[in-house]
Structure formats: C-alpha cells, structure tokens
Amino acid sequence: MKRSQPAIEVYNLHRFFGTTRAVDDVSFQVHPGEVFGFIGPNGAGKTTTMRILATLDQPSFGNAYIAGFSVVEEPEQARLRLGFMPDYFNTYPYVNVWEYLDFFARAYGLRGARRHQAVQEVMEFTGLISLAEKPTRALSKGMKQRLCLARALIHDPDVLILDEPAAGLDPRARVELRQMIRHLANQGKAVLISSHILTELGEICDSVGIIEQGRLKAAGPLELIRQRINQYSVLQLEVLSDPQQALGLLQQHELVGEVHLRNQHVLWAQFRGDKVQRAQLLSYLVNQGVKVAEFSAQEGSLEEVFLSLTQGQVQ
Amino acid sequence: MTQAVSAKEQMAWAPRAGFLRRWEQALADRLNPLLVKEARQGLKSRQFAFTFFLALVSAWVWSLWGLAASEFYEMTVNQEVGREMLMGYLVILGVPLLIVLPLAAFRSMVGEHEDGTYELVSITGLTPGQVVRGKLASVLLQGLIYFSVFVPCVAFTYLLGGVSLLQIAVLLVVGGSVSIGLISVGLAMAVQSSSRHFQMFVFVGLVMLCMFVYLLCMILASEHLWWGASDASNPEFWSAVAWVVCLIGCYSLLMYSVTRAQLIPRGHNRSTAVRVVMLICGAGWVGGTAWVVQLTKGEYAAEVWQLFQLALFAHWFVACFFILGEQTEVTRRIRLQAPRSLLGKALAIWLQPGPTLGFFFTLFGCAVQMLVALLVLLQADALRRTDEVIAYVAALTSYVAFYGGMGLLAMRLLRRWVVPSVVVSLVVALGVFTLFLGMPLMYELLVYSVPFQQFRWYHVFNPVVTLDEIDSPTGGTWDILIVLTPVAVAAAGIHLPALWREIRALRHTIHSTATAWPDSPSELGSDQTQPSHPFEHLKSPAD
Ligand SMILES: Nc1ncnc2c1ncn2[C@@H]1O[C@H](COP(=O)(O)OP(=O)(O)OP(=O)(O)O)[C@@H](O)[C@H]1O
Ligand SMILES: [Mg+2]
C-alpha cells in the first residue's frame, strides 16, 4: 500500500499507559525535504510518539505511515525506510566504532562493497573517520551522538526521527549538528526532530508541532504558527514630525490595534499583518508626511510562542 | 560537516586487501550479522578467554597426570587408561558445553534487553528468527572452539586404546545435541520476562538444570564406557540413540520457536510456528511408541506404551498451560494472514492466535496423537487388555481438557488485571492444581490422616490415583471415566462460545486502516471488535 507524498503521516495517534494519556489524538504530516520540529515540555509525549513512529511501540489507537507504510501493519517495510536516533545511547562492550556501524549495516542487509561504502560515507559525514578503531564505550557525549546519527543514516533512510539529538552538546557541536540536519533535509529526507532548545529548532525547522500533555496544540509552518499565536506584532516607530499626527494615522489604520505614545518621539503600535502589509503601512505613513526615523517590528520568538501555547503542565 | 579526510586516516580502517581477506569478507557477508558481531565481541571478552584458558589448562593437567599415572603403575598402554582418560576429558569438556554455554546464551540474550541494545536491533532488517539464530550460532561457535581443543586429546585416548571410534562419536554427538538443547532452553528462558526478579529466579533454575543434566550425562557416559562395549553391535542401541537425538532436536526447535515468538511484536502472529513445532514434538513421542512396540515385539508393549503416553500427555499438558496466556486481540494483520480456503480454514484455523483456539488445538493435538499411538499398539496386536489402554487414552485426554478448561477460565478472569505472561501461566497452573489436587489431599489428610487408602470420588481429578486405579486389574475403570469424561467435556464445552467468537473475529474484515490495541488490562478481556474509524477523510488531498 504505497502512498505518494508525505514521508511521515500521523493520524489520530493515541497511546495510553493505564490512565495516562501519553499521546492523545495527534495528527501531522512531514514532507520529504522538510524538517519538522517537535516541541513540548517534559512528559509531553514526544518520545512516545517518536517510538511509535520508529515501530518500537504500538498505538492504543490511530495509525501512522512512514513513506506510505503503516507502522502498525507493515512495520517491516516502514523500518527499512526510517532511521531512528533515541534519546539514549547504548552499545555493546568490546565493540569499536567501525564494528558497530558495520554490524548495523549488515543488519539492514547491506552486502559487500555497498556495505563498506555505506560505513565509509556515514563516518565521513559525521566526522568519525579518525575514531574508527576507538571502542564505543570510550566515546565522549558528542561523539556518541555522532555515532548514533551515523547509525541512523547507515541504510540511507527516507525518514529520520531524532529524539533530542542536541541534548548535552556544546555550542560548536550543536551548530555542526544543525548543519548536518539541514544537509540531510536538502537531500530530500524528511526529518522529525524533538528538542527543548527552542531557538535552535526555530533556525532549522520548516514546520513545528507544539505538544503538551499528549495533545498537539499547534502544528504547521513556523510562520503560520507565529502569526496564529502572535496575531499582533509590536511596531516601534520613532517619528521626527508631530507624534500626534502619526498617532492619529495609525489609530485609523485597519491593521493596527492599540497605539501608545511612549515618549515624545517613540510610538508603540500593535500590528496585525505580514511583512508586505508592514511595508505598505510604512509607505502610507511617509506619504502622509510623517517623518519616520526608525521603524521596527518585534515578532514573538519561538520561545514566546512556546510559552504562550503551553501552560507548563507536566503529567 | 563532511570533514577532510587524509589518506592516512582512510588507510587506518579501510579493509586490507588480499585474497584471504576478500574471501573471508565474502563468507562473512553471508553470515548472520549477530554472529559476526558476537564473534568479534566474544573474542575480546574476558569470560570466554577465562573459560577457554581454564579448560585448556585442565585438559593439559589431566593429560599429564594420566600419562604419569600410567607410567607409575607400569600399566604401559593398556585399555583402562584410554577409557579413564576419555572420561576425564568428557568431565572437563562437559563443563563448558553443558553449563557455561547455556548460561552464556542466557546472559547474552538478557544483556541485549537490559542494555537496551535490542531495541535498535529490532528495528533493523533483522527478523526475530535471525536474531535467535544469530545468538544460537555465536554460542555454538564458542562450543566449536572448545570442541576443537579437545579433538587432539580425544584422538589421543583412542590411540591409547580401550575405546572405539564409534563410542567416542556417540558420546560427542549426544553430548553436543544435549548442549544445543540446553542452550536453546537458556535462550528461551531469557526472553520470557524482563523482570529482574524473574530473571534471577530463572537463572538459578537454569544453573540447577544444567548441573543436573551435566551429572546425568556423566553418569550415562561412564555407564556406556564401562558396560556398553557391546552396544555398538546392537541395532536397538543405535535406534535409541537416533531417537533421543531426534527428540532433543525437536525440543530444541520448540525452544527456538518459543524464543522467536517472544521477539515478534504484539499484535503479530506469534502462535502458528510454535504450534506446528508442538505437533512435531508430539509426533516424536508417537514415533517413540511405534519404535518401542516394534522393538519389544509385544512383550512389554503395554507398559512401555503407557510410559510414552504419559510423556505425550505431559507434553500437551504443559503446552496447554503456556498457550492459555496468548494474546486475545485479533489485529488486522493477523486477520489478513488467516486462512481463506475452506480446507485451510478447517485445518489451519487451529493454528491461528488466540487462547481458546490454542486450548482446543492442544486438546485435539493430544487426542489425535494418542489415538495414533493407540492404533500403532493395536496394529502390533500387543495388548493384554484393550479396554485398559482405551481408558488410559480417554483419561489422559480428559485431564488435558479439564485442567486446560479450568486454566482458561482462570486466565480469562485474571486478564482483567494483568497482562498474561509465563509467570501468569505458572500462577494459573499452580492455582488450578491447588484447587483440584491440593485441596482433596488436604481434606483427606485431615479426615482420614492417611491419603489414598481407598478410591473416593474426589480423587477423580488426580491423575496419579486414577491412572493407578485404571492399571490395577480390580480397578473401577469405568466408574472413574463415567465421572471424569463428562466433567472434562463440560470444562471444554463452556469455552465453545469463546471459540466461536475467536473464529468469527478472524473472519471479520474491516475496511479501515485503524487498528485497535486494547491496553488497559480491563480492555483485554473484552472480545468486542473495536469500531472502525473513518481516517480516510483526514488524509491530505494530495493522496
Ligand atoms: N512505558 C511507560 N509506562 C508508563 N508511562 C509512560 C511510559 N512511557 C512514557 N510514559 C508517560 O507518558 C508521558 C509522556 O512521556 P514521554 O517520554 O513521551 O515525554 P517526552 O515529551 O519525551 O518528555 P521529555 O521531554 O522529558 O523527554 C509521561 O507522562 C510519561 O510518564
Ligand atoms: Mg523524551
């Protein structure tokens, strides 16, 4: 039952642990080449959702598809098309980096030259070449994360599911990870990534889903969510001409809400609209003879979006 | 991101070229990935190195001591020395093969789950069967290494004389198959529960089992070495050896399929393969019956037949209690794989997942195989009392029906609170036995102070008493059956509605992608099919 289009499809996913509703009616889609950020406070149900997508757990209700294959009914097919990076790192004693990757390459059915090539490529991509002979137990946290990512990539999956990959990484490693993920998305892979580091997700995600207490509060392109939450962005204007004139003009404008005169020259106005409309407002003011010295908009950061959506309730 | 890689660094890990290396790679490509990994790991592990070293040293010490002793007693190279030396080597080799390896297999499987490494393996392209076979193969590889160390030693005893090549071969083949059997038991026990307490309990049990089997094997080996010189010329000896090896093979296969079934995710068909192997194991006992009847030409046919029937009964009885814990939910996946043709439905329906189907499967399996064994016996015309053996079959089948039916009832009740597992099955078995065996015994002890003096009606549930009664010429065979059979039929009969529901659920086709997974224990007992959910309209228009 091969379907076209979205690489990850989640429909009405539920997962109950006794009376805990760890995942409660979650639906979203991720398309090839898209990075979908999964944001939520502790215990929101991110890991649970991702484990179901990785065919490690089964939904109490609902279904999900990886590259068109149901994780419930055709997990064997779905598995070959997904790479999963859990939020823990476990390895075998007495196994080095190369052997570890080689084992998983074999497990995914890669043979001979193809396997060597796959191992070589992921080690190059994640910068592990120089550590090939190092025992996995002896790796640092950052290197373990890299190895984990390398393992998830070994069979060149269409879908990547990364559970808090940036946790515990230093800033440089974080930037590198971000670049790697971007690169993978550019190759056409669909990436589902969860994190607490919201600002980071804002930079690499095309879409985000905000989850709390198992419920998806909002999902979609970052811009849309921002607009939905922060319907008003705050405009700050510094005018050199008569502030009362500017005040009057702003108050009459249909896209402007409340306006405050901060001091003699500076005005704050709530504005509902996109960048184009903002530009139109500016040219309108200038045409009306207002001398605008400064015109800036402060959009809500992802952090603010997150805080405004969630109440910080932890299950 | 992609880092510049110096040529030197590449050389560091790149596979060294060379004919041997390439040949090895080609071979390794075909091997089970787990075997390759475990071999790499195992060669570096301390446990293996330690045991191997110890076995080697013991073998050397024993060799030197043996030689010195033979010198000392001036027995020069005589028969006794070869035999004693071989026995010594067997005692040493038996420790790794019969004790260390099964425990290593258990540890390795448990460790895979404890370390959380199995999760990642389970979502690769490896099937559960490949995982089990990989574990088995890697342990067997260790066994092979031990074996190869002892080959020169054993050859040396042959040169000393006193043992024939055939004797050596028999001992090694039987020992090897017992080792495989114990290793598969170890693997099967390792996956039954993830609870620490259970695993500790099981580990102790496994240690005791291995020790017991080790001692038994050593006793049998010495018996054979000292008194069995003429065995080799006896065809009965060979067919007995062949049969024992076959039976061990069958039960190893059963353990393998049970282990594999545990690794198959919930909601998939875990049952069919196990049930087929259960039938094969049962057939092993039927084959044994036929062989013994052939062999004894009717002399002790009835007695030996009884013994084999008891074994067959024990096989199905235990199988029944394990099957009771099967999952009740019939998922879309199971439904899709259910047989469709009429013949397929009639025969293969009993192999489909479901506790009630499983209960009736064991009941029919037991009855049919006992009847086949009975036919073999009748055909050989080896009976003193026909009614006795028929009563025997009826009583044994009734016990499977009665205890199985009661167990199923108890399990259905328990499902409201717990998710079934091996532990739950054991608890159910214990409960049922207490109720129908323990309580009557207690009652009798309290009232008459000496149990089993005389047959009373409540002894009907106790196979030890009733079978004895059926055996004795004065026994009230028919009185027993008149009570037992209807009770057994009733115990099985109350499950017919549930059986019908399970069969119907398999037929049911729902045109929906939704699959329901009852999760809170209270949902587990209910047999209702989950409502279908119209997810289709939620799909994006792009579909
Ligand atoms: N195996 C389990 N048994 C019982 N409850 C569970 C289990 N796994 C998760 N839960 C519960 O499900 C809820 C969601 O947990 P989950 O791990 O998915 O959260 P999360 O969003 O990943 O949180 P975090 O950011 O802390 O990783 C929690 O309330 C948790 O207690
Ligand atoms: Mg988590």
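Rules used throughout
- Residues numbered from 1 in each chain as written.
- Chains lettered and ligands numbered in written order.
- Predicted model: local features only at pLDDT ≥ 70, side-chain atom pairs only at ≥ 80, totals over all residues.
- Heavy atoms only, no water.
- Helix = DSSP H or I, 4+ residues; strand = E, 2+ residues; numbered from the N terminus.
- Buried < 20%, exposed > 50% of the residue type's maximum accessible area, 1.4 Å probe, protein only.
- Contact = heavy atoms within 4.5 Å.
- Areas by Shrake-Rupley, 256 points an atom, 1.4 Å probe, with all protein chains shown as cover.
- Salt bridge = Lys/Arg side-chain N within 4 Å of Asp/Glu carboxyl O.
- Near = heavy atom within 4 Å.
- Polar contact = N/O pair within 3.5 Å; in protein donor to acceptor, adjacent residues only side chain to side chain.
- Axes fitted to C-alpha atoms, helices over the stretch in contact; angles between N-to-C directions.
- Parallel < 35°, antiparallel > 145°, perpendicular 65-115°, else oblique.
- Left-handed = near helix turned anticlockwise from the far one by under 90°.
- Nonpolar A, V, L, I, M, F, W, Y, C, P; charged D, E, K, R; others polar.
- Domains from an automatic or database assignment.
- Buried area = accessible area lost by both parts, 1.4 Å probe.
- Pairing = 2+ DSSP bridges.
- 1 Å grid on protein atoms, 1.4 Å probe; cavity = no way out; pocket = protein on both sides within 12 Å on 5 of 7 lines; lining within 4 Å.
- Points joined across faces, edges and corners; volume = space filled by probe spheres on them.
- Patch = residues over 30% accessible without salt bridge, like charges linked within 9 Å, V, L, I, M, F, W, Y side chains within 5 Å.
- Lys, Arg positive; Asp, Glu negative; His and termini not counted.
- Charge placed at Lys NZ, Arg CZ, Asp CG, Glu CD.
- pLDDT = per-residue confidence, 0-100.

Asker: In this structure, what is going on with the overall build of chain B? I would like to understand it.
Answerer: When you go through chain B residue by residue, the secondary structure sums to 21 helices and zero strands. Classification of the 543 residues of chain B by burial places 48% in the buried group. Of the contacts made within chain B by residues no fewer than 6 positions apart, 79% connect residues no fewer than 24 positions apart. On chain B, roughly 26,800 Å² of surface is accessible, and the fraction owed to carbon and sulfur atoms is 70%.

Asker: Explain the pattern of salt bridges here, please?
Answerer: Side chains that carry opposite charge are capable of pairing whenever their charged atoms lie near each other. Applying the stated criterion across every chain yields a total of 18 salt bridges over all chains. Among the ionic pairs, arginine 15 of chain A bridges to aspartate 57 of chain A, the shortest N-O distance being 3.0 Å. Here aspartate 57 of chain A lies in the loop between α1 (46-53) and β4 (61-66) and arginine 15 of chain A lies in strand β1 (residues 8-17), a separation of 42 residues in the sequence. The pair arginine 15 of chain A / aspartate 57 of chain A is uniform in exposure class, with both members buried. The network of salt bridges with common partners includes Asp102, Arg106 and Arg115 of chain A together with Arg40 of chain B.

Asker: Looking at this structure, how should I read the site of ligand 1?
Answerer: All names here are of chain A. Looking at ligand 1, there are 14 residues lining it, with Asn42, Gly43, Lys46, Thr47 and Thr48 nearest. Measuring from an oxygen atom of ligand 1, one finds a side-chain N or O atom of threonine 47 at 2.5 Å. For ligand 1, an oxygen atom lies 2.5 Å from a polar atom in the side chain of threonine 48. For ligand 1, whose unbound accessible area comes to 630 Å², protein coverage reaches 63%. For the shell around ligand 1, the elements supplying multiple residues, two or more each, are β2 (20-30) and α1.

Asker: In this structure, what is going on with the packing of helix α7 (residues 128-160) of chain B against helix α10 (residues 235-263) of chain B? I would like to understand it.
Answerer: Two numbers describe a pair of packed helices, the interaxial angle and the distance between the axes. Residues and elements named next belong to chain B. Where α7 contacts α10, the two axes come as close as 8 Å, and the packing angle between them is 130 degrees. Between α7 and α10, the crossing angle belongs to the class labelled oblique. Note on packing geometry: the crossing formed by α7 with α10 is right-handed. Contacts between α7 and α10 pair Pro128, Gly129, Val131, Val132 and Arg133 from the former with Tyr256, Thr259, Arg260 and Leu263 from the latter. Tallied by class, the residues present in the contact of α7 with α10 amount to five nonpolar, two polar and two charged.

Asker: Could you clarify how one ought to interpret the domain arrangement of chain B in this entry?
Answerer: Interface size is commonly expressed as the accessible area that is lost once the parts come together. Residue and element names in this part refer to chain B. Split by domain assignment, chain B resolves into domain 1 (29-228 + 236-257) and domain 2 (265-513). Taking only C-alpha atoms into account, the centre of domain 1 sits 34 Å from that of domain 2. Between domain 1 and domain 2, the residue contacts involve twelve residues of the former and 15 residues of the latter. Between domain 1 and domain 2 lies a buried interface of about 1,300 Å² when both sides are counted; carbon and sulfur atoms form 80% of it. Three residues, Trp243, Tyr251 and Leu254, lead the burial of domain 1 against domain 2; their summed loss comes to 37% of the area buried on that side. Across the domain 1-domain 2 interface, the total number found is zero salt bridges. Our enumeration of links across domain 1 and domain 2 arrives at four residue pairs in polar contact (both at pLDDT 80 or more). With ten residues, α10 is the largest single contributor of residues to the side of domain 1 that touches domain 2. For the side of domain 1 that touches domain 2, the class distribution of residues is eight nonpolar, three polar and one charged.

Asker: Whenever I open this one, the sheet that holds strand β9 (residues 207-212) of chain A confuses me. Can you help?
Answerer: Sheet strands associate in pairs through backbone hydrogen bonding, adopting either a parallel or an antiparallel arrangement. Residues and elements named next belong to chain A. Taken together, the six strands give an open sheet; going across it, the order is β6-β7-β8-β3-β9-β10, and neighbouring strands pair in mixed fashion. Both outer strands of the open sheet, β6 (82-85) and β10 (215-221), are each paired with one neighbouring strand and no more. Each strand axis lies, on average, 15 degrees off the axis of its neighbour in the sheet, ignoring direction. Pairing between β6 and strand β7 (residues 159-163): four bridges, direction parallel. Bridge assignment links methionine 85 to a residue of β7, and that residue is leucine 162. The strands touched by helix α5 (residues 141-153) within the sheet are β6 and β7, with β6 carrying the most contacts at an inclination of about 160 degrees. Its contacts with the sheet place helix α6 (residues 171-186) against β3 (35-39), β7 and β8 (190-195), and it is angled at close to 130 degrees to β3.

Asker: Would you mind going over the packing of helix α16 (residues 386-414) of chain B against helix α17 (residues 422-448) of chain B with me for this structure?
Answerer: Residue and element names in this part refer to chain B. Relative orientation of the contacting elements α16 and α17 amounts to 125 degrees, with a least axis distance of 9 Å. Overall, the two elements α16 and α17 adopt an arrangement that is oblique. Seen along the crossing, α16 lies across α17 with a hand that is right-handed. The segment α16 lies against α17, with Phe402, Tyr403, Met406, Gly407, Ala410, Met411 and Leu414 engaging Val424, Ser425, Val428, Val432, Phe433, Phe436 and Leu437. Residues of the contact of α16 with α17, tallied by class, amount to twelve nonpolar, two polar and no charged.

Asker: When you look at the domain arrangement of chain A in this model, what are you seeing that I'm missing?
Answerer: By domain assignment, chain A separates into domain 1 (8-227) and domain 2 (232-299). Between the C-alpha centres of domain 1 of chain A and domain 2 of chain A there is a distance of 44 Å.

Asker: Looking at this structure, how should I read the layout of surface pockets?
Answerer: Empty space among the atoms becomes visible once a probe the size of a water molecule is rolled across them. Residue and element names in this part refer to chain B. Here the second largest pocket defines a volume of roughly 640 Å³. In terms of lining, the second largest pocket is formed by 27 residues, of which the most central are Glu38, Gln41, Ser45, Gln47 and Ser108. Of the residues in the lining of the second largest pocket, the class split is eleven nonpolar, nine polar and seven charged.

Asker: Would you take a moment to explain the side chain of histidine 268 of chain B for this structure?
Answerer: In this fold, histidine 268 of chain B is placed in the loop between α10 and α11 (272-296). For histidine 268 of chain B, a relative accessible area of 4% puts it in the buried group. Dropping the residues within four chain positions of it, histidine 268 of chain B is found in contact with Gln58, Val72, Pro75 and Glu76 of chain A together with Gln327, Arg333 and Ile334 of chain B.

Asker: Could you clarify how one ought to interpret a positive patch on the surface in this entry?
Answerer: Positive charge collects at one region of the surface, where Arg340, Lys345, Arg504 and Arg507 of chain B lie side by side. Tracing the backbone shows arginine 504 of chain B in helix α20 (residues 496-507).

Asker: Quick question: what am I supposed to make of unusual backbone geometry here?
Answerer: The phi torsion of most residues other than glycine is negative, and most of the peptide bonds are trans. All names here are of chain A. At asparagine 12, a residue that is not glycine, the phi angle is positive and equals roughly 45 degrees. Structurally, asparagine 12 is set in strand β1. Phi is positive for aspartate 25, which is not a glycine, with a value near 60 degrees. Here aspartate 25 lies in strand β2. Exposure remark for aspartate 25: the relative accessible area of 32% places this residue in the partly exposed category.

Asker: Can you help me understand the confidence of the model for chain B in this one?
Answerer: Low pLDDT marks stretches whose predicted atomic positions should not be read closely. Residue and element names in this part refer to chain B. Mean pLDDT over chain B works out to 80, with 84% of the residues at or above the 70 mark. The weakest mean pLDDT in chain B belongs to helix α21 (residues 521-524) at 35; the strongest belongs to helix α8 (residues 165-190) at 92. Scored below 50 in pLDDT, residues 1-14 shows 25 contacts in the model against residues more than four places distant or in partner chains. Of the regions scoring below 50 in pLDDT, residues 509-543 engages in 76 contacts with residues more than four places distant in sequence or in other chains.

Asker: Is there a simple way to think about a nonpolar patch on the surface in this case?
Answerer: Residues and elements named next belong to chain B. A cluster of nonpolar residues, Phe19, Leu20, Trp23, Leu27 and Leu31, forms a patch on the protein surface that exposes about 590 Å² of accessible area. Topologically, tryptophan 23 is positioned in helix α2 (residues 19-30). According to the relative accessible area criterion, tryptophan 23 is exposed, its value standing at 53%.

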